[in-house]
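Letter by letter, the chains look like this.
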Amino acid sequence: MAALAVVPEWALPVMAQGDVDVPFTDIPATFNPAPATGARRSLDLRKIDGLITPTDQFFFIQHFDKPELDAARHRLKLTGLVDKPVELSLADLQSMKSVDVVNGYECSGNGPGGFQGLSSNGRFTGVRLRDVLKRVGVNDRAREVVFFGADRGMEDVVFRQNTLKQLPQQFARSITLEQAMKAEPMIAWALNGQPLRRDHGAPMRVIMPGWYGVANVKWLEEIRLQEGRFLGNYQARWYRTIRAVGGSGELTDPATQFIETEVTRLNLKSVIARVRKSANGAHQVLGFVLNDGTPLKSVEVKVDEGPWQRATLDPANSTYSWKLFTWQWQGATPGEHTIVSRATDVDGVVQPTVAELSRKKTFLEDNSQFPRKVRIG
């Protein structure tokens, strides 16, 4: 088995046993990360105690139903511009060379309103997508690779001035053939060493390391190769970001353009998840960074109006994992404080403030700095 990123066996829990949590005052007592309906699960960041998110805490969300598929009978169809249209079983895929990747990602709608809980980090096992495509052969005209999930539902589809009411829709996303032939995209069948659960797309799903969760199509049913761009609802309509470029950014400024882009790679983001107090009174801040795999230059933490101070990155972090960091809060004084983190990568990209992100006019891809409030007793 090849390994894209394996957690070292010596990796230790981030927080020492016996530490106590300092309560955040920005989380209401009614906050429930896992509603009883089972339609979604958010990760309670206050439970993060190591690099890997336990499977029973790993976030999930979906647009349609959660199909229950028989792993032994399920077949993955390879269709369109392939040399040999085939249907592959889970056993067929598992007979190929497998790979592991530690992948941290978030829903593109993740943000402060849900306390950043639509994010997790786990070890996925599967087969490289390019190996599957090479197995069936790719026609020279193919340019686009479309993934169809088994989850379906009825949706309104807007077309110019008209809305086509309640058309059947299948969840689907696409990438270019060039992207598909890179080493990272994979078809996964296991999470954290165990077969995928229904909530996480059993028996097989797409994993796109460094991309937002929407690209990781669950309950994978078909891969279709085609020449033209795919314009499905969850590719071209629902998952777009609109940003003001040039000028003042105001709607009335003719020098400002409003550019629409599709949701693909993760934007650089850091989040403070916990504050812990040890028996000797010292305080430690724990957080994580999500990004597209670009190496980090630094992560910094600021308390109230004080200076930015450099945090320490966990040595167990890997290219596509979330990157855990800690910062030792020296001399924390009693009372309520605001703490915030920011990440910077080696290309000079700095995580923006809320104000700096104001040119983004849609709610997806919110990677703004996330101030937290805590009370030191």
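Residues numbered from 1 in each chain as written. Predicted model: local features only at pLDDT ≥ 70, side-chain atom pairs only at ≥ 80, totals over all residues. Heavy atoms only, no water.

Undergrad: Before we go on, may I ask you to explain the pairing of strand E15 (residues 269-277) in this structure?
TA: Consecutive residues of a regular strand have side chains that alternate between opposite faces of the sheet. Extensive coverage of E15 is indicated by the burial of 8 of its 9 residues. Direction of pairing for strand E2 (residues 20-21) relative to E15: antiparallel, over a ladder of 2 bridges. Its bridge partner lying in E15, Val-20 is registered against Lys-277. As paired elements, E15 and strand E16 (residues 283-290) share 8 bridges and run antiparallel to each other. Within E16, the position partnered with Arg-276 by the bridge is Gln-284. Following E15, the chain reverses through 5 residues before pairing antiparallel with E16; Gly-281 in that reversal takes a positive phi of roughly 90°. (Buried < 20%, exposed > 50% of the residue type's maximum accessible area, 1.4 Å probe, protein only. Helix = DSSP H or I, 4+ residues; strand = E, 2+ residues; numbered from the N terminus. Pairing = 2+ DSSP bridges.)

Undergrad: Would you explain the layout of surface pockets in this entry?
TA: Rolling a probe over the atoms, with the probe sized like a water molecule, indicates the empty space that remains. Estimated volume of the largest pocket: approximately 560 Å³. Around the largest pocket, the lining comprises 29 residues; the ones closest to its centre are Ile-61, His-63, Cys-107, Val-214 and Tyr-239. For the lining of the largest pocket, the per-class residue count stands at 15 nonpolar, 7 polar and 7 charged. (1 Å grid on protein atoms, 1.4 Å probe; cavity = no way out; pocket = protein on both sides within 12 Å on 5 of 7 lines; lining within 4 Å. Points joined across faces, edges and corners; volume = space filled by probe spheres on them. Nonpolar A, V, L, I, M, F, W, Y, C, P; charged D, E, K, R; others polar.)

Undergrad: What's the story with the pattern of salt bridges in this structure? I'm lost.
TA: Side chains that carry opposite charge are capable of pairing whenever their charged atoms lie near each other. The final tally for this structure, using the stated rule, is 16 salt bridges. In this structure, Asp-100 and Arg-123 form a salt bridge, with 4.0 Å as the shortest nitrogen-oxygen distance. One end of the pair, Asp-100, is in strand E5 (residues 98-106); the other, Arg-123, is in strand E6 (residues 119-128), and 23 residues separate them in sequence. For Asp-100, a relative accessible area of 8% puts it in the buried group. (Salt bridge = Lys/Arg side-chain N within 4 Å of Asp/Glu carboxyl O.)

Undergrad: How should I be thinking about the sheet that holds strand E12 (residues 220-226) in this particular structure?
TA: To summarise the sheet geometry, strands pair through backbone hydrogen bonds and adopt either a parallel or an antiparallel arrangement. Spatial ordering of the open sheet is given by E4-E3-E12-E7-E8, a layout of 5 strands whose pairing is mixed. Single-partner strands in this sheet number two, and they are strand E4 (86-89) and strand E8 (162-176). In this sheet, neighbouring strand axes are inclined to one another by 35° on average, regardless of whether the strands run parallel or antiparallel. Bridging between strand E3 (residues 75-80) and E12 involves 4 bridges; their strand directions are parallel. Within E12, the residue paired with Gly-80 across the bridge is Leu-225. (Axes fitted to C-alpha atoms, helices over the stretch in contact; angles between N-to-C directions.)

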